[in-house]
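# Inside the fold
Read off the chains here:
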Amino acid sequence: MSFSSEVKHEITTVPFKPCCERALLSAFLHINSNLLIVNKQMQLQIETENAAIAKRMYQIIKNRYEVQIELTVVRKQRLNKSNVYVLRVLEKGIEILEDVGIYSSKGMRETPSKIITLKECCAKAYLAGAFLASGSINAPTTANYHLEVSTAEEALSRYIMRLMKMFDIGAKVTERRGRYIVYVKAADQIADFLKITGAHSKTLEFEDVRIQRDFRNSLTRLDNCEVANEVKTIKAGNAQIDAIQKLIEHNRYSHIEERLIQVGDLRMENPETSLNELIELYQEKYNEPISKSGLQHRFKKLIELAGKIEESEQ
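Note that this is a predicted model, so its numbers are computed, not measured.

## Regarding helix 3 (residues 51-65)
- With 15 residues, helix 3 should cover 21 Å at 1.5 Å per step; its first-to-last C-alpha distance of 21 Å lies within 8% of that length.
- Buried residues of helix 3: A52, I53, A54, R56, M57, I60, I61 and Y65, and no others.
- Backbone nitrogen of A52 and a side-chain oxygen of the N-cap are separated by 2.9 Å at the start of helix 3; the cap is N50.
- Looking one or two residues beyond helix 3, the residue adopting positive phi is E66, at roughly 50°.

## Brief notes about the sheet that holds strand 10 (residues 179-184)
- Spatially, the four strands line up as an open sheet ordered 7-8-10-9, and their pairing is antiparallel. In this open sheet, the two strands that pair with only one neighbour each are strand 7 (135-137) and strand 9 (172-176). On average, each strand axis in the sheet is tilted by 25° relative to the strand beside it, whichever way the strands run.
- Of the pairings in the sheet, the one linking strand 8 (residues 147-151) to strand 10 comprises five bridges and is antiparallel in character. What sits directly across from E148, in strand 10, is Y183.
- Strands strand 8, strand 9 and strand 10 of the sheet are contacted by helix 6 (residues 154-166), whose axis makes an angle of about 15° with strand 10.

## Let's talk about unusual backbone geometry
- Positive phi values are uncommon outside glycine, yet R177 reaches one of about 50°.
- Backbone geometry places N251, a non-glycine residue, at a positive phi of 55°.
- Along the chain, the position of N251 falls in the loop between helix 8 (200-249) and helix 9 (258-269).
- Assessed through its relative accessible area of 60%, N251 is described here as exposed.

## Digging into the sheet that holds strand 1 (residues 34-38)
- Reading across from one edge, 1-2-4-3 is the order of the four strands in this open sheet, with antiparallel pairing throughout. Each having just a single partner strand, strand 1 and strand 3 (69-75) make up the two edges of the open sheet. For this sheet the average axis-to-axis angle between neighbouring strands, irrespective of direction, equals 30°.
- Direction of pairing for strand 3 relative to strand 4 (residues 83-89): antiparallel, over a ladder of seven bridges.

The rules behind each value
Residues numbered from 1 in each chain as written. Predicted model: local features only at pLDDT ≥ 70, side-chain atom pairs only at ≥ 80, totals over all residues. Heavy atoms only, no water. Helix = DSSP H or I, 4+ residues; strand = E, 2+ residues; numbered from the N terminus. Expected span 1.5 Å × (residues − 1). Buried < 20%, exposed > 50% of the residue type's maximum accessible area, 1.4 Å probe, protein only. Polar contact = N/O pair within 3.5 Å; in protein donor to acceptor, adjacent residues only side chain to side chain. Pairing = 2+ DSSP bridges. Axes fitted to C-alpha atoms, helices over the stretch in contact; angles between N-to-C directions. Contact = heavy atoms within 4.5 Å.

Encoded structure:
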């Protein structure tokens, strides 16, 4: 089972209040249902590949509206050959859509009536229903964090985006293959979405995996930084040693300033030591303090003197 399916399964187990059940149903039916006319009866048809969702929708509609529902299981012939659960509500199709705020005397609404998500708990339930209808989320073990809900209408997608922003979830909308996608990419905001829709155990799993991965990434960055600093130290040390050897080869080393000879001797004795360590060794050996910039200045002077020898040789 994918992480998305696990999240949806957990949401279907959440006990919602009657007002919240209506909000959940409003989002789900708006995104994932068709209104059919059969024998002069308005019927609703829902299709889903998730058995837990089919069961929960059946229960909510049956208990709330006391209607006859026909359940059919269709086996897909292509790809993974999964089951498709088809719920057909055989009566009260228009009444149900009116109750959930997505149908009026003027026809289907672009967005639900305001009363549906007036309460904060109902707004959360609405987002849960939207995710059950067409949501997906990348597993926290993947490289990219991504949660999305797709709709056929732009107005509805922007309505869902505004609801998310009520809970400080910075969602955005884009169009993809004729559908409008509400998406979130920030890991902490995805975790917030899971929490407000009732998927608490999956929130903990998501956060746990995310924190572990971020910690490993931080260690890797730290290791890379340390390696880079080590390489930089060795490179700088080699350049200093090359300069000192050049001066020695041309009998110039013994004629330069004593303060340069001090650091030169120290570097030759400790070819791979960092500047900070050389500062401590210098203070121990000569019993006087020296700053990092002071040490760097002396090595720079040695390199400059060696450079003048190279220029004269050309």
